[in-house]
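Residues per chain, in single letters:
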Amino acid sequence: MSIKKIASLTSDEDVLISKEAQRLLRCSRGVFYRGIKNGTIPSIRLGPRKIVIPKAALMRMLQEGTNIK
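Because the structure is predicted, anything quoted here is derived from the model rather than measured.

Considerations on helix H3 (residues 29-38)
Burial in H3 covers these residues: Phe32, Gly35 and Ile36. When H3 is viewed along its axis, its buried side chains cluster within an angular range of 100° and face the same direction. Opposite the buried face of H3, at more than 90 degrees from it, the exposed residues are Arg34 and Lys37. Of the surrounding elements, those touching the buried residues of H3 are helix H2 (18-25) and strand E3 (51-54). Where H3 terminates, the next one or two residues include glycine 39, which has phi positive at roughly 90°.

Notes on the sheet that holds strand E2 (residues 44-45)
If you trace the 3 strands from one edge of the open sheet to the other, you get E1-E3-E2, paired in antiparallel fashion. Looking at strand neighbours, the two that pair on one side only are strand E1 (15-17) and E2, the edges of this open sheet. Pairing between E1 and E3: 3 bridges, direction antiparallel. In the strand pairing of E3, leucine 16 is matched with isoleucine 53. On the sheet, H2 packs against E1 and E3 and is oriented at approximately 90° with respect to E1.

Definitions and cut-offs
- Residues numbered from 1 in each chain as written.
- Predicted model: local features only at pLDDT ≥ 70, side-chain atom pairs only at ≥ 80, totals over all residues.
- Heavy atoms only, no water.
- Buried < 20%, exposed > 50% of the residue type's maximum accessible area, 1.4 Å probe, protein only.
- Helix = DSSP H or I, 4+ residues; strand = E, 2+ residues; numbered from the N terminus.
- Arc of directions from axis to C-beta.
- Contact = heavy atoms within 4.5 Å.
- Pairing = 2+ DSSP bridges.
- Axes fitted to C-alpha atoms, helices over the stretch in contact; angles between N-to-C directions.

Written out as structure tokens, the structure reads:
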């Protein structure tokens, strides 16, 4: 699936919730949260339990095929 097609599947919001990003990356919950913890998946923590993923940073990471730290 192309990056443009993936981006169009999500809403027009600037951030994704964890489940949306996890679905786009097609990875398990454990792999997803490990990526957030070690900085390979871009994220913003808004509280002890609320994490959002900047859509632009995630799409850039996927297009470049690199990890963001």
